[in-house]
Amino acid sequence: MKKNLLISLKMTLVMIILCAVLYPLLIAGIGKATPGGGKGKTVSVNEKVVGYENIGQKFTDDKYFQGRPSAVDYNAAGSAGSNKGPSNPDYLQIVKDRIDTFLVHNPGVKKEEIPADLVTASGSGLDPHITSASAYIQVKRVAAIRNLSEEKVKVLVDQQIEKMILGPSVVNVLKLNIALDNLK
Amino acid sequence: MNGEILGTVLIFLFTLLLAYPLGKYIARVFKGERTFTNFMNPVERFFFRVCGINPNESMNWKQFLKAMLTINMLWLVYAMLLLIFQHKLPMNPDGNPGQTPDLAFNTAISFLVNCNLQHYSGESGLTYFTQLFVITFLQFVSAATGIALLVALFNGIKEKTTQNLGNFWNYFVKSITRILLPLSIIVAVILAFNGTPTSYAGKDTITTLQGDTVQVSRGPAAGMIAIKQLGTNGGGWFGVNSAHPLENPNYITNAVETISILLIPIALVFALGFYVNRKKLAKVIFAVMTILFVIFCAINIYYETKGNPAIDKLGIAQTTGSMEGKEVRLGAAATALWSVATTSTSNGSVNGMHDSLTPMSGGVVILDMMINALYGGVGVGLLNYFIFIIIAVFMSGLMVGRTPEFMGHKVEAREVKIAALITLLSAFLIKGFTALAAYMVAHHPEIGWAVKPGAWLNNPSYHGFSEMLYEYTSSNANNGSGFEGLGDNNIFWNVTTGIVLLIGRFLPIIAPIAIIGLLANKKFIPESPGTLRTDSYTFGVMTLAVIIIVTALSYLPALALGPLAEYFSLY
């Protein structure tokens, strides 16, 4: 017992140094060579940081493409999903309200055209993406408010789609909106 | 959508492709044969010298377990103290507070036992110091503990008659230096280059495009995420685990992380074959595990890509599947695959919220944790499966009227009793505690705990019951995922799950080691034509039947009250 305890103490110290000190330092060192230098990839407009490429942010204004509903209102210091079960009546009412709100802000859109990701909360509450369908369906509204032709905005969305062979094709909402602000 | 489903198939096939050679390599490492990682020899020798260990000293099953339990006890005290006093320690740029004693009790046990149930949220519940010195540290050593124990089992199977199960310290150190650390470095580097943070910088404050001020949590996450995936730990850096876009930035990292969940558990099955030189035995075990695994994956992928019928009724299009609690860049199919991978292997990381899974998928992941032996946690998965083998040997022995044997050793009353008790123990812990929690919700909703029982459940009715059932199933299986809507950071859940975690880890690993210790000590009986061969597919079918029957008898009523009832209310 005493022998085991002594070995255990020493072994613990050795492994702390290896796994909790050297290993993270090595990864941090390598991380300096990555895009963003290991601090996360930021996105800038006019040399001012406006966000992180991978962190979704809140867009409530109708002139911007909107991201997915977030259970934590896009609080990037406290990620969470809604954890609502599929049969929860309160939850289904919330989804119904989101559908109604969307229809009010997007006249001319039919209910059955609304993609599910626009009315369901993401897992992280920070989902930076929407599906391509969710971007296209907002084109009409955004174009009307900005006095741009729908065609022009649609082309912009086309350019922003990140195509994947196996995974879903997605649009980064922040990047799309920055590109939109740059449209003349 | 078809591309997404194809993606899940390719991810699984690629995992198998990597797991086979890895299994061969692992067997060579523990046999002490030459491998390309022999350059670690001097490092290991240095460790052994410093600690005063003779790596060739043989240990019988009791000595082996004593060494393992002593160091585990030490880690528990160490981890709990650090968590309580973390606010007084350095590397806390976000100014997070210390954990309450009950939360520290739960967290320390949870990571010690390779479970990683998290009743805190990573962004606010830990400091960088405890993330590395408690969490990352325990993720390495708890996984290595599991692998070391498994090698002891291998030795017991391999030798005809022996007391020697090998040296715990030798296997423990090599698990880290030869397997976990090198693989973690590879995975961490892939994550870092895809955007997962690695630096020690604290929270950032930014002004968004729309003009809101937002704080963004970061930290040296990539290294920790790598080992949490590879060591079937599962506890995430951020609150939402691998659903977080910094923890799992894109489809590629998601594929890498999914492979990392399954890689070592599957490789260890192959390693068994190479180590004890009975490849057929490993093949049969692999086949049984894979049959159930693939069926579970198919069910979950079907239901998650099909969408939630209650949302269909609201009249909108679910072309991308059930998206509540999921991330667009990963998609429903990849999240469904992950949900089965993580519950099969007692990993417990998530890339989407399990609480929002459709009822059948939710039921499958709970069932998967109840079995807890489809590949299973690193090392401990095969130990769990070994218990099923002993029961199957016993049952087949009864059926054909012969003394049951396993690998040339008579399996007698004592061994069967131990195996049976372990099987019953899980059912007792899960159902007993779930019943207690349900009782508190129903009859004492106003008790003044940090979260009152009346406020525990985030969803009403059947689904609320599933939240409690899930929590104890996950604790007992040392899985660590949750139906996270449950308000679990209060003394009731912290203490009760802590107890279930401890019992659910240590008894099920002590038992198989004791059984193999006892078996290996017996006289070796050479195989004869009358021997029931445990490395035949017939016996594989028998084991499969035992797994299904034992699990169904133990848990079907509980599942009927939760996910099955919810299923029939929706469809």
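Higher on the page you've got the structure.
All values reported here derive from a predicted model rather than from experimental measurement.

Draft legend 1. Highlighting the interface of chain B and chain A. Each partner contributes to the interface: chain B provides 106 residues, whereas chain A provides 98 residues. Of the roughly 7900 Å² buried where chain B meets chain A, counting both sides, 67% is carbon and sulfur surface. Considering only the surface of chain B that becomes buried against chain A, Leu209, Glu324 and Val328 of chain B emerge as the three largest contributors, covering 10% of it. For the pair chain B and chain A, the number of links is 2 salt bridges.

Draft legend 2. How the structure looks around the pairing of strand β1 (residues 204–207) of chain B. Residues and elements named next belong to chain B. Sheet analysis places β1 next to strand β2 (residues 213–216), joined by 4 bridges and oriented antiparallel. Its bridge partner lying in β2, threonine 205 is registered against glutamine 215. The loop that links β1 with its antiparallel partner β2 comprises 5 residues; one of these, glycine 211, has a positive phi angle of about 105°.

Draft legend 3. Structural view of the environment of alanine 192 of chain B. Relative to the helices and strands, alanine 192 of chain B is located in helix α7 (residues 168–193). Distance in space between the C-alpha atoms of alanine 192 of chain B and threonine 253 of chain B is 9.7 Å, their sequence separation being 61 residues. The contact partners of alanine 192 of chain B, leaving out residues within four places of it in the chain, are Thr34 of chain A together with Thr198 and Ala222 of chain B.

Draft legend 4. Structural detail: the nonpolar core. Membership of the largest hydrophobic core comes to 168 residues, with the highest contact counts inside it found for Met15 of chain A together with Phe168, Phe172, Ile176 and Ile264 of chain B. Top element by residues in this core is helix α6 (residues 128–158) of chain B. It accounts for 21 residues. Domain assignment of the residues forming this core places at least three in each of domain 1 (1–39) and domain 2 (41–182) of chain A. In this structure, isoleucine 176 of chain B is in contact with Met15, Leu18 and Cys19 of chain A together with Phe140, Val141, Ala144, Leu181 and Pro182 of chain B, ignoring residues within four places of it in sequence. Formed by 39 residues, the second largest nonpolar core is a distinct cluster that contains Phe59, Val142 and Leu148 of chain A together with Leu314 of chain B.

Draft legend 5. Here's a closer look at a nonpolar patch on the surface. A contiguous nonpolar surface patch, about 490 Å² in accessible area, is contributed by Phe394, Met395, Leu398, Met399 and Val400 of chain B. Note that leucine 398 of chain B resides in helix α14 (residues 380–400).

Scoring rules and cut-offs
The numbering scheme is per chain: residues are counted from 1 as the chain's sequence reads. To label them, take the chains in the order written and letter them from A, then take the ligands in the order written and number them from 1. Whole-chain, interface and lining totals are the exception, using all residues; otherwise, since this is a predicted model, local features are given only for residues with pLDDT of at least 70 and side-chain atom pairs are given and counted only at 80 or more. The side-chain figures draw on all heavy atoms in the structure; neither hydrogens nor water molecules are used. What makes two residues a contact is simply this: any of their non-hydrogen atoms within 4.5 Å. The term buried area denotes the loss of accessible surface (1.4 Å probe radius) that occurs when two parts are joined, taken as the sum for both partners. The rule for a salt bridge is simple: a side-chain nitrogen of Lys or Arg has to be within 4 Å of a carboxyl oxygen of Asp or Glu. What makes two strands pair is DSSP finding at least two bridges between them. Under the scheme used here, helices are H or I runs from DSSP no shorter than 4 residues and strands are E runs no shorter than 2 residues, and both carry numbers assigned from the N terminus. Remark: nonpolar core denotes a set of buried residues (Ala, Val, Leu, Ile, Met, Phe, Trp, Tyr, Cys) joined through side-chain atoms within 4.5 Å. Classification of residues uses two cut-offs on accessible area relative to the type maximum, computed with a 1.4 Å probe and protein chains only: under 20% is buried, over 50% is exposed, and between them is partly exposed. The split into domains, and so the bounds of each, comes from an automatic or database assignment of domains. The residues that make up patches have over 30% relative accessible area and no salt bridge, and they are joined within 9 Å when like-charged or within 5 Å when they are Val, Leu, Ile, Met, Phe, Trp or Tyr. Each accessible area value is a Shrake-Rupley result obtained with a 1.4 Å probe; residue values ignore everything except the protein chains displayed when judging cover.

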